[in-house]
Amino acid sequence: MQKKHPYLRDKLSIEQRAKFQRGTDVGIMAHEYFPGGIDMSPASPSQFPKKIQETWDNLSNTEINVMYEAVFQYNDTLIMLDMLVRDGDKWLAVEVKSSMALSDTYYNDAALQYYVLHGCQVPLSDFKLMYINGDYERKGSIDVKQLFKLESVIDFVKEREDYVAKNVARLKNVVALPHAPIINIGTQCHNPYTCDFLGHCWKLIPKDSFLYTNAIDDEQLFSLYFNGTNSNQKLLAQLEPDSLETHQIEALQNGTYYIDFKTLFSLSPNPKPRSIAFLNLLLYRPAVPEIDGTKPYQEMILAFALQGENENGGSFFWNCFEDHSKWRESIDILIDKLSHYEQIVCFTPQNLSTVLLRHEIIQNKDIGYRIFNLFDVLQQSHFYHPSIKAGFTLQHVAEALFAEEKPFEHSRIIMEALSNDLISYQQAKEDLIAENVIVAKTYQHFFK
C-alpha cells in the first residue's frame, strides 16, 4: 500500500508529525557527537540511485571520515543510516533514537540496517544505538557526549540476520503481487501502531458497527465478527440487556453518547463547592533540555489558562512562549491564583494533583482533594461515543457533547507555541483558552 497506493494513506496527525520532527531534531544534534561529516540525504526518492553511488565513492575516499544518512541498497532493500563513522580500516554504524530507553522495535530496526550493510560488504567494526541519557543535566552549552548514550548491538543484529532475510523475501513477494493482499481487518489495525490505511480498510464497515465499541476488547470483537456474529442485532441477542456493550451499541445506533449516570453522580463534587476555577495547563517536555538545571524530557509549564465559573470569577492567561527560561515564574502565579478557589476542574490524562505537587504548587496533600479531573470521572462513568475509539481526548468528548464545537487537536497548540512566530503564539493562546471553555462546558453539562 505504501509503495503502490500511497494516495489511500490517512492524513498524518499533528501529534505524529510532532514525534517525527522531534526525532529529526535529536538526530541532527547527534551529528555533533561525530562532527564534520558529509550529509548524504537525498532531496527526493528520485535521487536514491545517485546517493547510493556517492555513498560507495565516499567509502574509499580517505578524506571523508563521517557520513550522515548514508544510503545503501541490497536485495532491493534500501536504508539511510543515521551516521557512519570511519574506524581505522572499518566503519562504525550508528542509529540514533530520541527516547531514553531502547525497545525491541529499535533493536529490530538496527537488525534490518545491519542486514543491508553486511549484504553490501561494508566492513563494520561495530553497530551501536545512540539514545538519550535521562540523567544528563544541562549546565551551559549542551554536552553531546553526556547527552547521549551508546550501546553496542552488533551481537544481536548478527543473530537476527537470518530472521531479517526471511522477512525481506516474504515482503518482496508481497510487493510483487498484482494486487494488495486480501487481509481482513483485525487487531493489527491498531497494534503495535495504528495503521496508516485504517480509513481505507474500514470504509465498508458501517459507522454504527459494534466494532467501534470498547466495552469488549478488540480480539473478542473481531472473533465474534468473523465467526458469524457480524451485525449489531446478532450481538445484542447474545448480550444482557443492561450490559455496558449493549448500552454502547444502542448509543451508536441512536447517534448519541452513553454514560453511567449512577456512577457519575456518585463521583460528583460533594458538598458542592462555593467557587470553581477551570484550569488548562500546557506542559512541555523537550527531549534536549533547553534550560540550565533541567534534564531530558523534564516537564515545564509553557502556559496555562484559568477561568472562574462565572463572569465575576474572571479569567487569566499566562505563557512563556517567547522565552522558555521564564517558565518557573508560572509557579508563584499559579499558587496565588488557585488559592482563591475551592475547587479546580481540569481534563487531563495526567494526575493534575501530582503535577502540581511536583512543582510545589500544592504545598500539602489536602489541597489536592480540590482537584476534579473530568478525564478520570468520565472514564470511570464509562462515557462512550464512537469517536472515543480513537482515543479518550477532550476533542472527542467535545465531538460527542457539542456538535457545534470546532474540531481541534491539543498537539497543534504545542506546535504553535514552539513555532517562534508571533501569529502562531496568538493562535496557541486562543486555542488554549478555547480548550478551557470546553472543559467548563463539559463540567456544566453534567453537573449543573
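Scroll up to find the structure this text is about.
Here's what I pulled together on the structure shown here.

Cut-off values and rules
- Residues numbered from 1 in each chain as written.
- Predicted model: local features only at pLDDT ≥ 70, side-chain atom pairs only at ≥ 80, totals over all residues.
- Heavy atoms only, no water.
- Core = buried A, V, L, I, M, F, W, Y, C linked by side-chain atoms within 4.5 Å.
- Buried < 20%, exposed > 50% of the residue type's maximum accessible area, 1.4 Å probe, protein only.
- Helix = DSSP H or I, 4+ residues; strand = E, 2+ residues; numbered from the N terminus.
- Contact = heavy atoms within 4.5 Å.
- Salt bridge = Lys/Arg side-chain N within 4 Å of Asp/Glu carboxyl O.
- Phe/Tyr/Trp six-rings, centres within 6.5 Å; stacked < 30°, edge-to-face > 60°.
- Lys NZ or Arg CZ within 6 Å of the ring centre and 35° of its normal.
- Pairing = 2+ DSSP bridges.
- Axes fitted to C-alpha atoms, helices over the stretch in contact; angles between N-to-C directions.
- Patch = residues over 30% accessible without salt bridge, like charges linked within 9 Å, V, L, I, M, F, W, Y side chains within 5 Å.
- Areas by Shrake-Rupley, 256 points an atom, 1.4 Å probe, with all protein chains shown as cover.
- Lys, Arg positive; Asp, Glu negative; His and termini not counted.
- Charge placed at Lys NZ, Arg CZ, Asp CG, Glu CD.

## Observations concerning the nonpolar core
Part 1 of the argument: In terms of nonpolar packing, the biggest core is built from 37 residues, with L279, L281, L282 and F321 touching the most fellow members.
Part 2 of the argument: For this core, the secondary structure elements donating two or more residues are β7 (276–284), β8 (300–308), β9 (315–319), α12 (329–338), β10 (343–346), α13 (352–358), α17 (410–417) and α18 (422–447).
Part 3 of the argument: Ignoring sequence-local partners within four residues, the contact set of F321 consists of L282, L302, A303, A417, Y425, A428 and K429.
Part 4 of the argument: Grouped together as the second largest cluster of nonpolar side chains are 30 residues, M40, A110, L124 and V168 included.

## Some words on the pattern of salt bridges
Part 1 of the argument: With the rule as written, the count across this model stands at 10 salt bridges.
Part 2 of the argument: Close ionic contact of D292 with R138 constitutes a salt bridge, the shortest N to O distance being 4.0 Å. Highlighted residues: D292 in the loop between β7 and β8 and R138 in the loop between β5 (124–132) and α4 (144–147), separated in sequence by 154 residues.
Part 3 of the argument: The exposure class of D292 is partly exposed, given its relative accessible area of 45%.
Part 4 of the argument: Among the salt bridges present, the one from E342 reaches R274, with a minimum N-O distance of 2.7 Å. Remark: R274 occurs in the loop between α11 (261–266) and β7 and E342 occurs in the loop between α12 and β10; sequence separation between them is 68 residues.

## Things to note about the packing of aromatic side chains
Part 1 of the argument: For the structure on display, the rule yields 25 aromatic pairs.
Part 2 of the argument: Ring geometry for F222 against F226: centres 6.4 Å apart, planes inclined by 15°, an arrangement best described as stacked.
Part 3 of the argument: For F226, a relative accessible area of 38% gives the class partly exposed.
Part 4 of the argument: One aromatic cluster is present, formed by W202, F210, Y212, F222, Y225 and F226 through successive ring pairs.
Part 5 of the argument: Here the basic side chain of K337 rests over the ring of F316, its NZ or CZ set 4.3 Å away from the ring centre.

## What to know about the sheet that holds β8
Strand pairing in a sheet is mediated by backbone hydrogen bonds. Such pairs are either parallel or antiparallel.
Part 1 of the argument: Strand order in the open sheet made by the five strands is β9-β8-β7-β10-β11, with mixed pairing throughout. Sheet topology places β9 and β11 (371–373) at the edges, where each strand pairs with a single neighbour. Within this sheet the neighbouring strands show an average axis-to-axis angle of 25°, counted without direction.
Part 2 of the argument: Of the strand pairs in this sheet, β8 and β9 are connected by five bridges, and their pairing is antiparallel. Bridge pairing in β9 links F304 to W318.

## Observations concerning a nonpolar patch on the surface
Part 1 of the argument: Together, L171, V174 and L177 line one region of the surface with nonpolar side chains, adding up to about 210 Å² of accessible area.
Part 2 of the argument: Positionally, L171 belongs in helix α6 (residues 161–176).
Part 3 of the argument: Judged by its relative accessible area of 44%, L171 is partly exposed.

## Here we look at the side chain of H324
Part 1 of the argument: Tracing the backbone shows H324 in the loop between β9 and α12.
Part 2 of the argument: Accessibility expressed as a relative area gives 12% for H324, which makes it buried.
Part 3 of the argument: With residues near it in sequence (within four places) discarded, H324 still touches Y284, E290, I291, M300, L302, A417 and L418.

## Points about the side chain of E299
Part 1 of the argument: In this structure, E299 sits in the loop between β7 and β8.
Part 2 of the argument: Leave out the neighbours within four places in its chain, and E299 touches L283, Y284, R285, W327, Q350, V355, R358 and H359.

## Focus on the sheet that holds strand β3 (residues 77–87)
Part 1 of the argument: Within the open sheet, the six strands sit side by side as β1-β2-β3-β4-β5-β6. Their pairing is mixed. Both outer strands of the open sheet, β1 (38–39) and β6 (148–152), are each paired with one neighbouring strand and no more.
Part 2 of the argument: Relative to strand β4 (residues 90–96), β3 is paired through five bridges, and the arrangement is antiparallel. The residue bridging D87 from the neighbouring strand is K90, located in β4.
Part 3 of the argument: Of the strands in this sheet, β2 (66–74), β3, β4, β5 and β6 touch helix α3 (residues 104–119), which is tilted by about 155° from β5.

## Focus on a negative patch on the surface
Part 1 of the argument: A contiguous patch of negative charge, built from E322, D323, E329, D332 and D336, is present on the exposed surface.
Part 2 of the argument: Along the chain, D323 turns up in the loop between β9 and α12.
Part 3 of the argument: Classification of D323 as partly exposed rests on a relative accessible area of 32%.

So, to be careful, I would describe these as geometric facts and stop short of saying anything about function.
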